[in-house]
Amino acid sequence: APSPATLPGVVGDQLRVPLVTGEQVSYANLDHAASAPCLEPVRRAVDELLPWYASVHRGAGLASQVCTRVYERARDVLRRFVGARPDAAVVFTRNTTDALNLLARALPKGTTVVRFDSDHHAALLPWRGRQVRRVGVPASPEEAIAALDRTLAACPVGPRLVVLTGASNVTGEVWPIAELSAVARRHGARVVLDAAQLAPHRPVRATEWDVDWVALSGHKLYAPFGAGALVGVADWLRAAEPYLIGGGATRQVVDLGERLGVSWAAVPERHEAGSPNVIGVHALAAACDALCELGWDTITAHEQVLVETLRAGLGRIPGVRQLALWAPDHPRVGVVSFAVDGVDPGLLATALSAEHGVGVRDGAFCAHLTTRSLLTGAGVDGERALRASIGLGTNPEHVERFLGALARLVEHDPRWCYRLVDGRWTP
Ligand code: PMP
C-alpha cells in the first residue's frame, strides 16, 4: 500500500489538540464521513484565486473574466469527475442536500419517487408533497434489487424517479448502482445518485451505470464547505421554475404596466440565482482534479488497509457490535459504525476526544431509520451509535490510537460504563 508520504497532505495534519491532562497530541480525525479535511492542492488553488476575487458573469474587468473562466471550467471538471455525458448540465449548489432539493423542485407533475428507507435524510426527505413509494431497508443487495423491481412494478403510470445512494454514511457499504439502475430503466424510471459518500472514495461512472443525475458535496470531497453540484440531464431542469428567484436566473425583466414580465435564463444559470460561490466551486474542482491525479488505485489501497485494521481491531474489543446491512465481505468505503454494550455513545465520543485526541461521530447520522434498524438487528436497545470514518487524512497511527483508546475505555474504565435503563443511560 502507498505510504502516507505519497499522498497529498491535508490541511491540519500538523494540528495538535490539548487533552484534559494538559498534554498535547496530534489530532486523529476519524470523522471524514462528516467532512473531510481540505487537501493541500486545494488550499493552493484557493490561495491562487483569492487575489482575483470578483463576481462572475457580471463585468468586463479582468478579475471578473478570470473568475468567470474558472467557474465555467469547473463545470467541465465536474462532468468528467462523475463520468457524465459531455452535454450534461452542471448546476452548482451548496451541497448534496441542496442538489437533491433542487431536483425535487424540478420533478414534472405526477412523478412518483421511489427511494429506500436506508437513505440519508438528504435523499429520503426532499420529496415530501410528491407521490412517494418506500422500499424498506434491504437485508442484502439481491433483496434491494428485487424489492426495487417489485415496487416499480406497482407504481402508477407517469414519470418515475428512483433515488439511489452510492455508499451508506452509516455502514460504508457500496450499493450495486449499475444493477439497480438497470431495474429502474426496465420500468422506465429515471435515477438520481446521492454520491456524497461514494465520490471521495471510488470513481463515479454516471454514464456507465446509466444514472441521470449525480449529487455530491465539496466538503466531503476534501474541499471547504459551501459548494456542491447536481450533474445530469437537462430536460427536467430546463422545464422547471428557477430553484431560487433573483439576479443571474433571469434573461430579461420588462415592465408590463400592471405586472413585470420575466423570462428565465437557460440551465444552469436558471437555477443559480444570486452571486455564486466562485472560490468554493474552484476548490471543489481542484479537489476533483487532485483525486484524479492521485488515482483511485492509490486512494483505495490506502483506505482499504486502514479500514480493515479498523474493523479487525473493533472485532477484538469485547462488547463492540459493528453495524452492517449486508455480509461482512461486501465492498465498503472507510466508514464503520458500532455500538458498545453498556456504554453511552456520547460519553465515549467525548472521552475519545478529551482524553485521546480522537474525533469520531456519535448519534444517528441523519439516517434515523437505518441506524435504528441496524441497532435493533444487533440486539442493542438504543437510538444512537458511534461512527469512525477514514480517508486521505488518516494514517495508521490514528487508527491504532483510536483502537487502543477505545479498548482502554471500554475494558478498564468504569466511568464510561453506563447502561440503558428505561430509556435513560444510568451509571
Ligand atoms: N448523503 C449522504 C450519504 C451523506 O452522508 C450526506 C452527509 N452526511 C449527505 C447526503 C448530505 O450532505 P450535505 O450535508 O453535504 O448536504
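Since we're looking at a predicted model, the values are computed, not measured.

**Q** I'd like to hear about the UniProt feature "domain: Aminotransferase class V" (unreviewed entry) in the protein chain, residue by residue, with values.
**A** Listed under "domain: Aminotransferase class V" (unreviewed entry) in the UniProt record, and renumbered for this structure, are residues 29-402. Taken end to end, residues 29-402 is 38% helix and 18% strand, and its first and last C-alpha atoms sit 10 Å apart.

**Q** A description of the domain arrangement of the protein chain should follow, citing residues and the corresponding values.
**A** Where the parts come together, the accessible area they lose is often given as the size of the interface. For the protein chain, the domain assignment lists domain 1 (4-30 + 296-426) and domain 2 (42-293). Taking only C-alpha atoms into account, the centre of domain 1 sits 30 Å from that of domain 2. Those elements giving two or more residues to the side of domain 1 that touches domain 2 turn out to be helix H10 (296-316), strand S14 (335-340) and helix H12 (368-377). The leading source of residues in the side of domain 1 that touches domain 2 is H12, at 5 residues. Of the residues that constitute the side of domain 1 that touches domain 2, the class distribution is 18 nonpolar, 7 polar and 2 charged.

**Q** Give me the lowdown on the sheet that holds S14, citing residues and values where you can.
**A** Overall, antiparallel pairing links the 4 strands, which are arranged S13-S14-S17-S16 in an open sheet. For this open sheet the edge positions go to strand S13 (320-323) and strand S16 (361-363), each flanked by a neighbour on one side alone. Taken pair by pair, the neighbouring strands of this sheet meet at an average axis angle of 30°, ignoring direction. Both S14 and strand S17 (residues 385-389) contribute to a ladder of 4 bridges, which runs antiparallel. Paired with Phe338 across the bridge in S17 is Leu386. Sitting on the sheet, H10 touches S13, S14 and S17, and the angle it makes with S14 is about 10°. Lying on the sheet, helix H11 (residues 345-356) is in contact with S14, S16 and S17; it crosses S17 at an angle near 35°.

**Q** Which residues make up the pairing of strand S12 (residues 260-264), and what values go with them?
**A** When you tally the buried positions in S12, you get 0 out of 5 residues, a small fraction of the element. Note that strand S11 (residues 250-255) and S12 share 5 bridges and pair antiparallel. Considered in S12, the bridge of Thr250 is made with Trp264.

**Q** Give a description of the site of the ligand that names residues and reports values.
**A** Near the ligand you find 14 residues, and of these Asn95, Thr97, His120, Asn169 and Ser217 are the closest. Counting only elements with at least two residues in the shell around the ligand, the list comes to helix H3 (96-105) and helix H4 (121-124). Looking at the shell around the ligand residue by residue, the class counts come to 4 nonpolar, 9 polar and 1 charged.

**Q** Break down the nonpolar core for me, citing the residues and quoting the values.
**A** Counting residues in hydrophobic clusters, the biggest one holds 131 residues, and the most contacted among them are Val214 and Ala287. Tallying contributions element by element places helix H9 (residues 278-294) first for this core, with 11 residues. Taken together, domain 1 (4-30 + 296-426) and domain 2 (42-293) each give at least three residues to this core, which thus spans both. Leave out the neighbours within four places in its chain, and Val214 touches Val82, Ala84, Leu193, Ala195, Val204, Ala206, Val231 and Gly232.

**Q** I'd like a description of the sheet that holds strand S8 (residues 190-194), backed by residues and values.
**A** Taken in spatial order, the 7 strands line up as S4-S10-S9-S8-S7-S5-S6 in an open sheet, and their pairing is mixed. With one partner strand each, in any of the chains shown, strand S4 (89-93) and strand S6 (131-135) form the two edges of the open sheet. The mean inter-strand angle of the sheet, taken between neighbouring strand axes irrespective of direction, is 20°. Judged from the 5 bridges that link them, strand S9 (residues 213-217) and strand S10 (residues 228-232) form a sheet pairing that is antiparallel. Across the sheet, Leu216 pairs through a bridge with Ala229, a residue of S10. Where H3 meets the sheet, it contacts S4, S8, S9 and S10, and its direction lies at approximately 40° from that of S10. Across the sheet, helix H6 (residues 177-186) is in contact with strand S7 (160-165) and S8; its angle to S7 comes to roughly 170°.

**Q** So what's going on with unusual backbone geometry? Which residues, and what values?
**A** Each neighbour pair has its own omega, and for Val267 with Pro268 the value is 10°, a cis peptide bond. For Pro268, the location among the structural elements is in the loop between S12 and H9. Even without being glycine, Phe365 reaches a positive phi, approximately 55°. Looking at the element boundaries, Phe365 is found in the loop between S16 and H12.

Rules behind the numbers
- Residues numbered from 1 in each chain as written.
- Predicted model: local features only at pLDDT ≥ 70, side-chain atom pairs only at ≥ 80, totals over all residues.
- UniProt positions renumbered as here; feature names shortened; annotations may be inferred.
- Helix = DSSP H or I, 4+ residues; strand = E, 2+ residues; numbered from the N terminus.
- Domains from an automatic or database assignment.
- Nonpolar A, V, L, I, M, F, W, Y, C, P; charged D, E, K, R; others polar.
- Pairing = 2+ DSSP bridges.
- Axes fitted to C-alpha atoms, helices over the stretch in contact; angles between N-to-C directions.
- Contact = placed C-beta atoms within 7 Å.
- Buried ≥ 20, exposed ≤ 12 C-beta atoms within 10 Å, placed from the backbone.
- Near = placed C-beta within 6 Å.
- Core = buried A, V, L, I, M, F, W, Y, C linked by C-beta atoms within 7 Å.

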